[in-house]
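Observations on the model geometry
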Amino acid sequence: MTTTILLVGHGSREQSGNDEIERFTALWRESHPRWRIELCFIEFADVEVEEGLARASRNAQRVIVVPLILNAAGHVNMEIPAHIARARQHLPGVRFDYAPHLGVCEPILAILQRQLRQCMHVLDMPDPTTTGVVLLGRGSSDRHANGEMAKMARWLQEESQHEIVDLAFTGITFPRLERVVQRQAMLGLRQIVVLPYYLFTGTLIQRIGRQVEHLRAQYPQIRFALGSYFGFEPEIARLLADRVQGLLSGHLEAVPVSDEAAQWVTHHHGDHDHDHGHDHGHDHGHECAHPHEHLHP
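Note that this is a predicted model, so its numbers are computed, not measured.

Analysis parameters
Residues numbered from 1 in each chain as written. Predicted model: local features only at pLDDT ≥ 70, side-chain atom pairs only at ≥ 80, totals over all residues. Heavy atoms only, no water. Pairing = 2+ DSSP bridges. Helix = DSSP H or I, 4+ residues; strand = E, 2+ residues; numbered from the N terminus. Axes fitted to C-alpha atoms, helices over the stretch in contact; angles between N-to-C directions. Contact = heavy atoms within 4.5 Å. Buried < 20%, exposed > 50% of the residue type's maximum accessible area, 1.4 Å probe, protein only. Salt bridge = Lys/Arg side-chain N within 4 Å of Asp/Glu carboxyl O. Core = buried A, V, L, I, M, F, W, Y, C linked by side-chain atoms within 4.5 Å. Phe/Tyr/Trp six-rings, centres within 6.5 Å; stacked < 30°, edge-to-face > 60°.

Thoughts on the sheet that holds strand β7 (residues 191–196)
- Spatially, β6-β5-β7-β8 is the arrangement adopted by the four strands of the open sheet, whose pairing is parallel. A single partner strand is all that each edge strand has here, and the edge strands are β6 (165–169) and β8 (223–226). Strand after strand, the sheet turns through a mean of 25° between neighbouring axes, direction not considered.
- Two strands pair when backbone bridges link them, and β7 and β8 are joined in this way by four bridges, in the parallel orientation. Bridged to isoleucine 192 within β8 is phenylalanine 224.
- Its contacts with the sheet place helix α4 (residues 106–122) against β5 (131–137), β7 and β8, and it is angled at close to 145° to β7.

As for the pairing of strand β3 (residues 62–67)
- With six of six residues buried, β3 lies mostly within the body of the structure.
- Residues Arg62, Ile64 and Val66 point to one face of β3 and Val63, Val65 and Pro67 to the other, with burial holding for every one of them.
- Relative to β3, strand β1 (residues 3–9) is paired through six bridges, and the arrangement is parallel. Among the inter-strand pairings, isoleucine 5 is bridged to a residue of β3, identified as isoleucine 64.

Overview of the pattern of salt bridges
- In this structure the tally under the stated criterion is seven salt bridges.
- Close ionic contact of arginine 55 with glutamate 51 constitutes a salt bridge, the shortest N to O distance being 2.7 Å. Of this pair, arginine 55 and glutamate 51 both sit in helix α2 (residues 49–57), four residues apart, which is roughly one turn of the helix.
- With a shortest N-O distance of 2.9 Å, aspartate 97 and arginine 95 are connected by a salt bridge.
- Look at arginine 95 and you get partly exposed, because its relative accessible area is 42%.
- One salt-bridge network, in which partners are shared between bridges, spans Arg62, Arg95 and Asp97.

Considerations on the nonpolar core
- In terms of nonpolar packing, the biggest core is built from 49 residues, with Phe24, Trp28, Leu68, Ile108 and Ile236 touching the most fellow members.
- In this structure isoleucine 108 touches Leu70, Gly103, Met152, Tyr197, Phe230, Ile236 and Leu239, once residues within four positions along its chain are discounted.
- Ranked by size, the runner-up nonpolar core spans 23 residues in total, among them Leu6, Val8, Ile69 and Phe96.

Observations concerning the packing of aromatic side chains
- Under the criterion given, the structure shown has five aromatic pairs.
- Relative to phenylalanine 232, the ring of phenylalanine 24 lies with its centre 6.3 Å away and its plane at 65°, an arrangement referred to as edge-to-face. Here phenylalanine 24 is found in helix α1 (residues 15–31), whereas its partner phenylalanine 232 is found in the loop between β8 and α8 (234–249), with 208 residues between them in sequence.
- Given a relative accessible area of 0%, phenylalanine 24 falls into the buried group.
- Given the relative accessible area of 1%, phenylalanine 232 is considered buried.

A closer look at the environment of isoleucine 84
- Residue position: isoleucine 84 is located in helix α3 (residues 74–90).
- Sequence-wise, isoleucine 84 and aspartate 259 are 175 residues apart; in three dimensions their C-alpha atoms are separated by 9.2 Å.
- Excluding anything up to four places from it in sequence, isoleucine 84 contacts Leu53, Val65, Phe96, Tyr98 and Val257.

Next comes the structure, spelled out in structure tokens:
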């Protein structure tokens, strides 16, 4: 059976974010030369999901749809399944399987732990009990997606010596970064580490960098360290490969997609979580950023 793996990135208004996803895909393709790998985007790009599914199905009997997305909100739960359901109707001779999103798991926790250690080194290894941590995510109108973020923040606290690991969001829901930093400052914390929970660069990562600079000016008594997005970390590539290998071997069940999903219609590409200037972006180039060219299978 000829199989195509269709990687689905979010897409960004900032072209550099889409360029990074394309570079990630190229590196991932090099790591798995036997796999036929295609790429599409949910929005803000030339090849979006519907066209991506059509391309992937050419000369293929099976398409494995793999979301390159951290949290399960509207795109993962509704939009991509709707496209898959419609593709099944239009192409009944092709088998479409939907892989799980990246989600809350030990490999993502390992990335955050490593970033936290790097930021602590930047700060010259201060006392973790006087150093606050802020896990900063995109934010969603889906409480389950926000709950995944809360779970990861708790995991990070459980596996560190930091007494305070707070959650903040760049949009849609609350609290925002400024409010969380205000609270940590009132508690007398001397250092604050901000860890963006994002995959690739984009407008939101750029905004986060500006916000942290404003906070440095507003709180001169506090030292800040800013982590990086983590799309090129080896754990991301391995997670995606594990999803594909599990589906190919039959050891992993595909995410169910009902026929009724095809009737789902949306404005704004199916996600109700559009912040002004929103994308699924990620930045580096600030204090704890590091070169992300060590992608492994």
